[in-house]
Structure formats: C-alpha cells, structure tokens
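Residue-level structure breakdown
Residue-level listing of the chains:
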Amino acid sequence: MKAHNDTYLPSGSISKWIDERLPIMRLMHGQFVDFPTPRNLNYMWTFGGILMFCLVTQIVTGIVLAMHYVPHADMAFDSVQRIKRDVNYGWLIQSIHAVGASMFFIAVYLHIFRGLYYGSYKAPREVLWILGVLIFLAMMATGFLGYTLPWGQMSFWGVTVITNLFSSLDEIVPGLGSSIVTWLWGGYSVTGTTLNRFFSLHFLLPFVIFGLVALHVWALHVSGQNNPTGVEMKVKSDGVPMSPFAVMKDLFALVIFVIMFAWFVFFVPDYLGHADNYIPANPLVTPAHIVPEWYFLPFYAILRAIPSKLGGVIAMFSAIIVLVFIPWLDTSRVRSTKYRPLYRWFFWLFAFTCIALGYLGAMPAEGSYVFWARVFTFY
Amino acid sequence: MSFRVLLMSAFAMYRTEPVVCVIIISYIELTNQFLRARSMLVLYLSIYGNFYRMEALLASQDNEDLTRRDFMTLAGPAFFAVGGVMALWPFIDQMNPDAGALALASIEVDLAPIAKGQAITVMWRGKPVFIRNRTLAEIEEAKNVSLEDLPDPAPDEERTKKGHENWLVNVGICTHLGCIPKGQSLSDTKGDYNGWFCPCHGSHYDTSGRIRKGPAPRNMDVPPYQFISDTKIKIG
Ligand code: HEM
Ligand code: FES
C-alpha cells in the first residue's frame with residue numbers, strides 16, 4: 001500500500017492534533033489523492049467512481065423512503081403512492097431511488113464487461129474480482145428485495161416465482177426445497193410476513209455492500225489499477241497522482257451519467273418499471289406476463305429456456321457463479337483483449353448474446369451455448 | 001437455576017471428562033424441561049470451551065503434557081463451535097411459520113350453486129383452491145388418457161372421490177414456480193388439454209389437473225377434503 005510518496009501536510013493545529021491520534025485524513029489523502037493511477041486509463045475506468053455515487057444515492061434516498069414506507073400487506077402499496085403524491089418531494093426521492101437501481105445496474109454491467117475485456121480479473125487481481133462478483137450478487141439480492149416493497153402485482157408474483165426457484169431442490173432431496181421456501185415465506189404462501197422480512201433485509205444489504213466495496217477498494221489499492229494495455233506499471237512514476245488527474249476525469253464522466261440519470265428521473269420515471277406494478281398485489285390473479293426488472297432478464301431467459309425445472313435453475317445460477325472462476329478458467333497469459341484477436345471475437349459475441357437474451361428472452365438455448373463455448377475457448 | 005449452581009457445575013465439568021458431563025447435565029435438564037435444557041446446554045458449552053482454552057494456555061506454559069494440550073486446543077474451539085451453532089438456531093427458526101400461520105384452518109364449501117362446466121376459486125390457508133364441476137365429456141377425456149402419456153402418471157380416479165367424479169378439487173397453484181393457472185372463468189384460455197394454462201412459463205394441465213406439457217414437474221396438488229353431504233365439502 002505504501003508504494004507512493006506521502007504528500008499529506010496537515011495545516012493548522014487541530015488537524016495536526018488529530019493526525020497524531022487517528023491518521024485517517026492521511027490515509028484518505030494517500031489512497032485518494034496521491035494514489036498513482038495509470039496515465040492511459042480510458043473512460044471505461046470511470047465506472048468505479050460512478051458506482052460509488054450510485055450506492056450512496058441509493059442509501060440516502062432509501063433512508064428517506066423508509067421514513068414514510070409501511071411494510072404491511074394492506075398498507076405498503078398505498079404508502080408508496082402516498083410517498084409519490086403527498087410527501088414533500090417524495091415523488092423526486094422515490095423516483096431517484098427506483099431509477100437509481102437501474103442506473104446502478106447499467107454501471108455495474110459496464111464495469112464488469114470492462115473487467116472481462118481488459119482481463120482485470122487476472123493475477124494479481126483475483127480477490128479484487130471475486131469481491132466484485134460478491135458485490136454484484138448482493139446487489140441482485142437487494143434489487144430483488146426492493147422490488148417487492150411497492151407490493152404491486154409484479155412485486156408479488158416476482159417474489160412468488162423467484163422464491164419458488166428453491167423448490168426445485170425437491171428434485172434432489174424430497175422436501176428440502178419446499179421447507180426452504182416455507183422458511184423464506186414464513187407461511188404457506190407469500191404474505192405480509194414475507195414483505196416485512198424483505199423490508200428488513202432490503203435495509204440491511206446495502207450496508208453489507210458498503211463493507212464489501214471497502215474491501216474491494218482496499219484490494220484494488222494493493223494491486224494497483226490495470227490499464228487498457230494490460231501491461232503493469234513498472235515504477236510508480238509511470239502513473240500520475242489520482243488527484244487531480246483521475247478525479248477530474250471521473251467527475252466529468254459522472255456529470256454525463258447524472259444527466260442521463262436525471263433524464264429518466266424527470267421525464268420517464270416509469271419507463272424502466274412495469275405497468276402492472278400499479279395494480280395492488282392480488283394473490284388470486286397472476287399477471288399474463290411475469291417479467292423481472294430488466295437487469296435480471298438475461299438470467300431469467302436462461303431459466304425459461306431450459307425445459308426442466310431443476311435444470312433451468314442450475315443453468316441460471318451457474319451463469320452467475322461461473323464469474324467467480326473466470327480467473328482460473330482463462331489460462332491465457334495476455335491480459336488485455338486488445339492483443340487477443342480470437343478472444344475479442346468471443347467477447348463481443350458474448351456481449352451480444354447477453355443483450356439478445358435480455359431483449360428477446362426467446363433464444364436462450366443458443367445463449368447458454370455461446371456462453372459455454374466462450375468459457376471453453378479460454379483453454 | 002441460580003447463577004451459583006451454574007458456576008459450580010461449570011467448575012465441576014471443567015475437572016471431569018467432558019462427554020460424560022454433558023450427558024449427565026442434559027439428562028437432568030431433560031427430565032425437567034426440554035427447552036430450558038437446550039438453552040442451558042448452550043451456555044454450558046460456551047463456558048466449557050472457555051475453561052478448556054484457559055487450561056490449554058496454562059499447559060502450554062509448563063509444557064508438561066503435550067497430548068493433553070493438543071486435545072484441549074482442539075476441544076476448546078470444538079465446543080465453542082457446537083455451542084455457537086446451537087445458539088444460532090433460534091435466529092434461524094424464527095423465520096419459519098409462526099403459531100398463527102400453523103393453525104390448521106379448514107373451510108366448508110357449498111357446491112350447490114356451481115353449474116355443470118363451471119368452476120369457482122376459494123381460499124384455503126392462503127392458497128387458491130379450484131373447484132370444478134366437470135362435464136361428462138371432460139371426465140371422459142380425463143379417464144381416456146393412457147398413463148404413459150403423463151409426465152406425472154396418476155389415474156383420474158385417484159384425484160377425485162368415488163361417486164363424485166364430476167367434482168375436481170385442486171390447489172390452484174402451478175407446480176412450476178407458483179403462479180395461478182388460467183382456466184377458471186369461461187373466457188380464459190384453458191390450454192391445449194382443455195384444463196388450465198399457466199401463463200408464466202407455459203405449463204398445460206388437463207381436465208384432471210394433471211401436467212401435460214411445459215416446465216411444471218407435478219400435477220396440481222389435491223388438498224385433503226371430504227364430502228360432508230352431497231353438495232357440501234370440507235377442505236382441510
Ligand atoms: C444497493 C442499494 C439499493 C438498491 C439497488 C435498491 C433498490 C430498490 C428497488 C429496485 C426498489 C423498488 C422501487 C420501485 O420499483 O418503486 C426499492 C424500494 C425501496 N427501497 Fe431500496 N435499494 C437500495 C438501498 C436502499 C436502502 C439503503 C434503503 C433504506 C435504508 C432502501 C429503502 C427502500 C424502500 C423503503 C423502498 C420502498 C419504496 C419504493 O418502492 O420506492 N433502499 N429499492
Ligand atoms: S409457474 Fe407455471 S409455468 Fe412457471
């Protein structure tokens with residue numbers, strides 16, 4: 001960690017006094033001002049900062065929502081409507097939170113594909129990468145839990161279908177899956193009890209993510225940043241101090257991102273949601289088309305593609321879990337895809353399939369085929 | 001149990017063989033009350049683990065008895081682990097259905113108003129139950145299928161009550177991922193087999209509520225029910 005010059009000079013007696021007792025400002029200065037960043041980073045490297053911004057936004061808006069939200073089967077739907085209509089600026093804060101979840105996922109997908117393209121998962125960054133995958137998993141859990149809270153039709157049936165995925169375990173050990181599902185629900189169907197516990201967990205998980213992010217950044221600052229060529233910096237003077245160079249660039253990218261974000265918030269706040277979620281939850285009627293939030297669509301498409309219940313569930317989870325093993329599945333010594341023409345082909349094919357899976361949700365057998373084909377070409 | 005007794009027994013345990021002690025203490029507690037015994041055991045075990053660790057530390061200082069020390073360094077954490085797992089259980093079990101949800105509710109349904117070919121949905125334990133008054137053609141259709149054509153083979157006779165073959169009572173939940181299949185109201189699509197169709201991922205059920213096509217693994221469940229008169233059933 002101490003690979004660079006410490007230029008922190010506390011000015012004033014109070015900051016000196018603190019520095020001698022808890023050198024937290026010195027730590028921050030060292031990690032976020034002096035920290036050497038490669039000179040040749042492109043804009044794909046700005047998503048880390050953007051993600052941090054997203055997380056903080058979700059937490060701040062979420063805490064405000066939690067002040068007005070009621071996690072009760074009979075009142076949840078109305079309380080969200082009250083937030084949108086009656087609470088001062090509630091429409092703004094609710095919309096930032098709902099759109100923010102989508103923005104968070106856009107950013108994280110780009111961030112992950114950046115890592116895949118430039119080989120950022122390779123030694124010595126495996127732990128950094130795995131922490132990233134854990135953050136992604138925790139984000140998916142948080143997004144899923146959050147989507148139940150408005151307690152509309154899509155919320156209700158989304159929970160029913162996704163929690164029921166566990167019942168497929170019955171095909172391995174009879175009874176195991178259904179007891180897990182009952183345990184998750186706290187009853188024999190999805191009820192207010194389920195909603196109440198999901199609210200508690202939705203509140204908790206972002207703080208777990210926060211902790212994971214801290215570890216992720218720590219690991220990053222141990223190994224240093226990768227760069228578009230994939231060739232490591234040899235000496236620290238190969239880089240430039242993070243502030244002002246990288247910080248300004250990150251801020252510029254953030255401004256562009258926030259403009260897009262704001263456009264959604266102010267002009268099409270419901271575009272990324274589903275109209276059926278404006279119908280209060282009804283345990284007796286399933287909507288004609290159940291769709292999860294857009295950011296789960298590729299995985300959902302894999303699930304639907306495979307005709308067997310257990311097989312679909314396994315394929316869907318392995319599509320996520322395989323990310324953990326990528327550092328070891330990919331045995332090529334070359335990091336950046338810039339210098340791997342064959343892999344580049346597969347990379348774009350993979351990216352295309354993910355989008356195709358998401359949009360069409362129809363040709364998924366081909367999708368997982370390409371996915372595995374890609375994994376095998378790593379060898 | 002008073003705190004002093006607790007301390008004394010902990011001290012006694014620390015001096016004697018662990019397994020014997022645990023058995024004796026839990027036996028005593030079991031004869032009294034099971035729940036309390038369990039919580040106590042957790043406490044004992046944690047304290048126990050602590051004593052063992054302390055002893056291990058002491059032993060390592062005078063270096064006299066290596067194997068005993070090895071055993072203790074193993075036993076300490078092991079007891080901690082067991083105690084820890086037992087202490088965790090209440091925090092896991094609290095998520096299971098509570099006493100209120102467990103209370104078995106049963107309901108009575110009057111079948112008289114349901115005309116031939118019609119169906120109603122009633123709620124039982126938070127789940128929809130489909131009750132269909134099948135037409136002769138539908139019954140024939142259900143009976144004439146050969147069992148080899150069924151993914152989850154079950155003859156129609158097993159899914160209805162003798163003498164009341166026209167009544168089909170099913171838990172109206174798709175056995176795939178829990179959606180409610182369409183087919184109850186006359187205007188619904190009933191799927192390729194004239195029974196029900198689940199819109200979520202396309203499962204088709206026949207006029208006996210059996211899965212015929214699609215990702216669902218099982219037939220729709222038949223809830224426990226009896227006829228209490230010719231036009232009345234009791235579910236549950
Ligand atoms: C990782 C960060 C987070 C993500 C990805 C996230 C995601 C979501 C999503 C997708 C919704 C549903 C919005 C809708 O469709 O209307 C939601 C709702 C909600 N979230 Fe979060 N959330 C996060 C953090 C938080 C935090 C930290 C809190 C509270 C401390 C919180 C409290 C709430 C509340 C009260 C609702 C219900 C109101 C509503 O539906 O808008 N969230 N969240
Ligand atoms: S839930 Fe019925 S087909 Fe999936």
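Structure report, in brief. What you see is a predicted model, and the numbers here were worked out from it, not measured in a lab.

What follows deals with a nonpolar patch on the surface. All names here are of chain A. A cluster of nonpolar side chains, contributed by Ile 14, Trp 17, Ile 18, Leu 22, Ile 24, Met 25, Leu 27, Met 28 and Phe 32, occupies part of the molecular surface with about 880 Å² of accessible area. Counting residues per element, the ones that place at least two in the nonpolar patch are α1 (13-21) and α2 (24-32). Ranked by the residues each element gives to the nonpolar patch, the list is headed by α2, at five residues. In this fold, Trp 17 is placed in helix α1.

Residues and elements named next belong to chain B. One open sheet holds the three strands; their spatial order is β1-β9-β8, and the pairing between them is antiparallel. At either margin of the open sheet sits one strand with a lone partner, and together these are β1 (107-110) and β8 (225-229). Averaged over all adjacent pairs, the angle separating strand axes in this sheet is 30°, with direction ignored. Relative to strand β9 (residues 232-235), β8 runs antiparallel, the two sharing four bridges. When the bridges of β9 are listed, Gln 226 appears paired with Lys 234.

Let us look at the coordination of the iron atom of ligand 1. All names here are of chain A. Every protein donor of the iron atom of ligand 1 is listed here as His 97 (NE2) and His 202 (NE2), and their distances to the metal cover 1.9 to 2.0 Å. Coordination at the iron atom of ligand 1 comes from six donor atoms whose angles at the metal span 87 to 179°, giving a geometry best classed as octahedral. A residue pair is termed long-range when its members are at least 10 positions apart, and His 97 in helix α5 (residues 90-117) and His 202 in helix α9 (residues 192-223) qualify at 105 residues. Under the relative-accessibility criterion, His 97 is labelled buried at 15%.

What follows concerns the site of ligand 1. Residues and elements named next belong to chain A. Close contacts around ligand 1 come from 26 residues, with Gln 94, His 97, Pro 150, His 202 and Phe 203 the closest. A distance of 2.7 Å is found between an oxygen atom of ligand 1 and a side-chain nitrogen or oxygen belonging to Gln 94. The side chain of His 202 places a nitrogen or oxygen atom 2.8 Å from a nitrogen atom of ligand 1. Mapped onto the shell around ligand 1, the elements with two or more residues apiece are α3 (47-68), α5, α6 (126-148) and α9. Take the shell around ligand 1: its biggest share by element is seven residues, from α3. Residue classes in the shell around ligand 1 are distributed as 18 nonpolar, eight polar and no charged.

Within a regular beta strand, the side chains point alternately toward one face of the sheet and then the other, so they alternate between its two faces. All names here are of chain B. Alignment of strand β5 (residues 194-198) against strand β6 (residues 203-206), held across four bridges, turns out to be antiparallel. The residue of β6 that forms the bridge with Asn 194 is Asp 206. The antiparallel hairpin formed by β5 and β6 contains four residues in its connecting segment, where Gly 202 sits at a positive phi of about 75°.

Rules of the game
Residues numbered from 1 in each chain as written. Chains lettered and ligands numbered in written order. Predicted model: local features only at pLDDT ≥ 70, side-chain atom pairs only at ≥ 80, totals over all residues. Heavy atoms only, no water. Patch = residues over 30% accessible without salt bridge, like charges linked within 9 Å, V, L, I, M, F, W, Y side chains within 5 Å. Areas by Shrake-Rupley, 256 points an atom, 1.4 Å probe, with all protein chains shown as cover. Salt bridge = Lys/Arg side-chain N within 4 Å of Asp/Glu carboxyl O. Helix = DSSP H or I, 4+ residues; strand = E, 2+ residues; numbered from the N terminus. Pairing = 2+ DSSP bridges. Axes fitted to C-alpha atoms, helices over the stretch in contact; angles between N-to-C directions. Donors = N, O, S within 2.8 Å, 3.2 Å for Na, K, Ca; no water. Tetrahedral: all angles 85-135°; square planar, octahedral: opposite > 155°, others 65-115°. Buried < 20%, exposed > 50% of the residue type's maximum accessible area, 1.4 Å probe, protein only. Near = heavy atom within 4 Å. Polar contact = N/O pair within 3.5 Å; in protein donor to acceptor, adjacent residues only side chain to side chain. Nonpolar A, V, L, I, M, F, W, Y, C, P; charged D, E, K, R; others polar.

Read these as layout, nothing more, since geometry by itself doesn't imply function.
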